[in-house]
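# Fold and geometry: a report
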2 protein chains.
Amino acid sequence: MIQKLIRKIKETNAPIVVGLDPMMNYIPEHIQKKAFAEFGETLEGAAEAIWQYNKEIIDHTYDIIPAVKPQIAMYEQFGIEGLKAFKKTVDYCREKDLVVIGDIKRGDIGSTSAAYAVGHLGKVQVGSKWYAGFDEDFATVNPYLGSDGVKPFIDVCKTEKKGLFILVKTSNPSSGEFQDQLIDGKPLYELVGEKVAQWGEECMGDEYSYIGAVVGATYPEMGKVLRKVMPKSYILVPGYGAQGGKGKDLVHFFNEDGLGAIVNSSRGIIAAYKQEKYAKFGAEHFGEASRAAVEDMREDIAQALNNR
Amino acid sequence: MIQKLIRKIKETNAPIVVGLDPMMNYIPEHIQKKAFAEFGETLEGAAEAIWQYNKEIIDHTYDIIPAVKPQIAMYEQFGIEGLKAFKKTVDYCREKDLVVIGDIKRGDIGSTSAAYAVGHLGKVQVGSKWYAGFDEDFATVNPYLGSDGVKPFIDVCKTEKKGLFILVKTSNPSSGEFQDQLIDGKPLYELVGEKVAQWGEECMGDEYSYIGAVVGATYPEMGKVLRKVMPKSYILVPGYGAQGGKGKDLVHFFNEDGLGAIVNSSRGIIAAYKQEKYAKFGAEHFGEASRAAVEDMREDIAQALNNR
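Small disclaimer: the values here were computed from a predicted structure and weren't measured. (Residues numbered from 1 in each chain as written. Chains lettered and ligands numbered in written order. Predicted model: local features only at pLDDT ≥ 70, side-chain atom pairs only at ≥ 80, totals over all residues. Heavy atoms only, no water.)

### Some details on the side chain of Arg227(A)
All names here are of chain A. Relative to the elements of secondary structure, Arg227 occurs in helix α10 (residues 220–229). In this structure, Arg227 is buried with no salt-bridge partner, the nearest side chain bearing the opposite charge being Asp257 at 7.1 Å. Here Ser233 takes part through its backbone oxygen, which lies 2.7 Å from a polar atom of the side chain of Arg227. Ignoring anything within four residues of it in the chain, the contact list for Arg227 reads Lys232, Ser233, Ile235, His252, Phe253, Phe254, Asn255, Gly260 and Ala261. (Helix = DSSP H or I, 4+ residues; strand = E, 2+ residues; numbered from the N terminus. Buried < 20%, exposed > 50% of the residue type's maximum accessible area, 1.4 Å probe, protein only. Lys, Arg positive; Asp, Glu negative; His and termini not counted. Salt bridge = Lys/Arg side-chain N within 4 Å of Asp/Glu carboxyl O. Polar contact = N/O pair within 3.5 Å; in protein donor to acceptor, adjacent residues only side chain to side chain. Contact = heavy atoms within 4.5 Å.)

In structure tokens, the structure reads:
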């Protein structure tokens, strides 16, 4: 799957992933109204609004982006109905040939991690049959529990040719509380990065490993170090745009080959129509605003990479 | 909710939580056959088998235990249908007045953590209405992302009078890989424990905080230290029984008042009928085997506490 991701990044010339993290207050009123008219102000109604919102954004961007990253929490908060909308979104994106990164940040031990891995990336056995539960292409994983929490995910990835992005240095203000703590003079995130590089070695595609890392755009200096620690790992970079990261902060996350990083933007793209810059599209044409925002982001990153 | 948990622990004299972590190979053949006859070898069939299995265990133990801990991964692996069985299980346990600890090990940042918190412990807004998605009483949370990942969970707990168990030192063999790393001479898990104690201070019930910790039974010496670091936090202790922890390993997790810890057993109780000790019940009467296993576990812990 890392091969497909790289191929699509090259084809679109856009190392961009669109974060499908629908908040109700992003969803234009006309979409909400229609969904509530059909299903009432219910969990089902919310799920329908989310799905219609996602669909329009996907329809307006799928041909110029390589990947999407639905954040499962935004669906899970609406219970079963929300998770149905998550699944519908994943399935639709795969139909559109997008690479789907499930931002699930799961992590547990042994058979429990294996269950998450199977549910999101693999197939589960029922009697003599096998079924995919959610069927994303990549999943994000939390490393706090150590190797025997991560290995079951890696095993499923090997079988299914899928991949992981393991949390190394997250984009939030307090990520340093534990991640930056020094261990023999080296921050914890670097230690985790070294593990990611090790785990990644057993899972190589052609140039890059299936096992990538998450490093926040908000910490470019740490990104520079981690790029070297994990030369063969793709870095998924959240925190661009709304969280404060800019194109020029991103250059150190990329390798000299112009590859090695994929930058996420969620609100900045899916709620672009709310920004002054894209207000001309109006709420009715929010999908076109999202497309324009993707184009601008692609340009911003390309310029930053050209100027380095 | 911590008040209810403590009250029920006192009433049952059993600081025990039954881990409802159904694996297909635990579920007796007669339950599987019936479910597959009705729904086929499908995800729906698997979910039905899980639900019937859980129900029988709950029916045979609910009056002698304070709490259950369904492990969501074991349901999530069966996709939407599995998660419906999770919800049905949570709802049924609450009907039986059990305290439900959702073992979800979620953790993210800001609005994303808030979405998980709302979905599992709170209520989500849809237009002018509010709905509970999954509605557990406690949830387990992964601390790797730091305070701004945990705070949104705490906020929901304050509003809803619910609680958390935050991963501090997990029971698995490789948990030390990151958790035991020394920071200024102090292991990371202790640093996380100190944070749990701090977070807990703002969320006090009468004697104990709503904000507890997870510390594995397999590391009793670390439990001893952490007990002192977090005197007002309840400790959820996994790893008893099948994972190797024994009654005598548990005493240091308790305070002098005989409170402060609740010990989880999953396989040891829900698949008790597979052990030689309880084989006399037979697979048909697996619920009775589970009840006997709870009684033996209660006795084991009580003896260990008496002998300390």
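Still more ground to cover, so stick around.
### Details of the packing of aromatic side chains
Residue and element names in this part refer to chain A. Going through the model one piece at a time under the given rule, you end up with 14 aromatic pairs over all chains. With a centroid separation of 5.0 Å and 70 degrees between ring planes, the pair formed by Tyr208 and Tyr234 is classed as edge-to-face. With Tyr208 in the loop between α9 (188–201) and β10 (211–215) and Tyr234 in the loop between α10 and β11 (235–237), this residue pair connects regions lying 26 residues apart in the sequence. Neither residue differs from the other here; Tyr208 and Tyr234 are each classed as buried. (Phe/Tyr/Trp six-rings, centres within 6.5 Å; stacked < 30°, edge-to-face > 60°.)

### Concerning the sheet that holds β11(A)
Residues and elements named next belong to chain A. With parallel pairing, 8 strands are arranged side by side around a closed barrel as β1-β2-β3-β6-β7-β10-β11-β12. Where strand β1 (residues 16–18) meets strand β12 (residues 261–265), 3 bridges bridge the pair, whose relative direction is parallel. Residue pairing in the sheet places Val18 in a bridge with Ser265 of β12. Seen against the sheet, α9 touches β7 (163–169) and β10 and runs at an angle of roughly 160 degrees to β7. (Pairing = 2+ DSSP bridges. Axes fitted to C-alpha atoms, helices over the stretch in contact; angles between N-to-C directions.)

### Some points on the relation of the copies chain B and chain A
For these two chains of identical sequence, chain B goes onto chain A by a turn of 180 degrees and a shift of 0.0 Å along the axis, with RMSD 0.0 Å. Accordingly, the operation relating the two chain copies is best matched by a two-fold axis. When C-alpha positions in chain B are compared against the rotation axis, the closest is assigned to Ile183(B), at 2.7 Å. (Least-squares fit on C-alpha atoms with pLDDT ≥ 70 in both.)

### Things to note about helix α10 (residues 220–229) of chain B
One turn of the α-helix equals 3.6 residues, which is why residues spaced by three or four share an orientation. Residues and elements named next belong to chain B. Restricting attention to buried positions, one finds in α10 the residues Pro220, Met222, Gly223, Leu226, Arg227 and Val229. Down the axis of α10, the sector holding all buried residues measures 155 degrees, keeping them to one side. When the buried face of α10 is taken as reference, the exposed residues oriented beyond 90 degrees from it are Glu221 and Lys228. The inward-facing, buried residues of α10 contact β7 (163–169), α9 (188–201), β10 (211–215), β11 (235–237), α11 (247–250) and β12 (261–265). (Arc of directions from axis to C-beta.)

### Describing the pattern of salt bridges
Between side chains of opposite charge, a pair can form as their charged atoms come close. All names here are of chain B. The tally for this structure, following the rule as stated, stands at 50 salt bridges over all chains. As a salt-bridge pair, Lys4 and Asp97 come within 2.9 Å of each other at their nearest N and O atoms. With Lys4 in helix α1 (residues 2–12) and Asp97 in the loop between α5 (79–95) and β3 (99–106), the pair connects residues that are 93 residues apart, well separated along the chain. As a salt-bridge pair, Glu202 and Lys158 come within 2.8 Å of each other at their nearest N and O atoms.

### Let's talk about the nonpolar core
Membership of the largest hydrophobic core comes to 237 residues, with the highest contact counts inside it found for Met230(A) and Met230(B). When neighbours within four sequence positions are excluded, Met230(B) is seen to be in contact with Val168(B), Gly193(B), Val196(B), Ala197(B), Ala213(B), Val215(B) and Ile235(B). (Core = buried A, V, L, I, M, F, W, Y, C linked by side-chain atoms within 4.5 Å.)

### Observations concerning the sheet that holds strand β1 (residues 16–18) of chain B
All names here are of chain B. Taken in spatial order, the 8 strands close into a barrel running β1-β2-β3-β6-β7-β10-β11-β12, and their pairing is parallel. Judged from the 3 bridges that link them, β11 and β12 form a sheet pairing that is parallel. When the sheet's bridge partners are listed, Val237 is paired in β12 with Val263. Lying over the sheet, helix α7 (residues 147–160) contacts β3, β6 (138–141), β7 and β10, oriented at roughly 150 degrees with respect to β7. Sheet strands in contact with helix α13 (residues 286–306) are β1 and β12, and its direction is about 150 degrees off that of β1.

### Considering the environment of Lys88(B)
Residue and element names in this part refer to chain B. Within the element layout of this structure, Lys88 appears in helix α5. In this structure Lys88 comes out as partly exposed when scored by relative accessible area, which is 40%. With 70 residues separating them in the primary sequence, Lys88 and Lys158 have C-alpha atoms 25 Å apart. Once you skip the residues sitting within four places of it in the chain, Lys88 turns out to touch Glu48 and Trp51.

### Some words on the confidence of the model for chain A
Per-residue pLDDT for chain A averages 96, and the proportion of residues at 70 or more is 99%. Quick note on the complex model: pTM equals 0.97, ipTM equals 0.96. (pLDDT = per-residue confidence, 0-100.)

### Some thoughts on the pairing of β12(B)
The buried fraction of β12(B) is high, at 5 of 5 residues. Side chains Ala261(B), Val263(B) and Ser265(B) of β12(B) all project onto a buried face; the interleaved residues Ile262(B) and Asn264(B) project onto the opposite face, where all are buried too.

### Looking at the interface of chain B and chain A
Taken together, the contact between chain B and chain A spans 71 residues of the former and 71 residues of the latter. Taken together, chain B and chain A are joined by 6 salt bridges. Arg106(B) is paired through a salt bridge with Glu76(A); the nearest N and O atoms lie 3.0 Å apart. The interface formed by chain B and chain A contains 31 residue pairs in polar contact (both at pLDDT 80 or more). With 7 residues, helix α6 (residues 110–121) of chain B is the largest single contributor of residues to the side of chain B that touches chain A.

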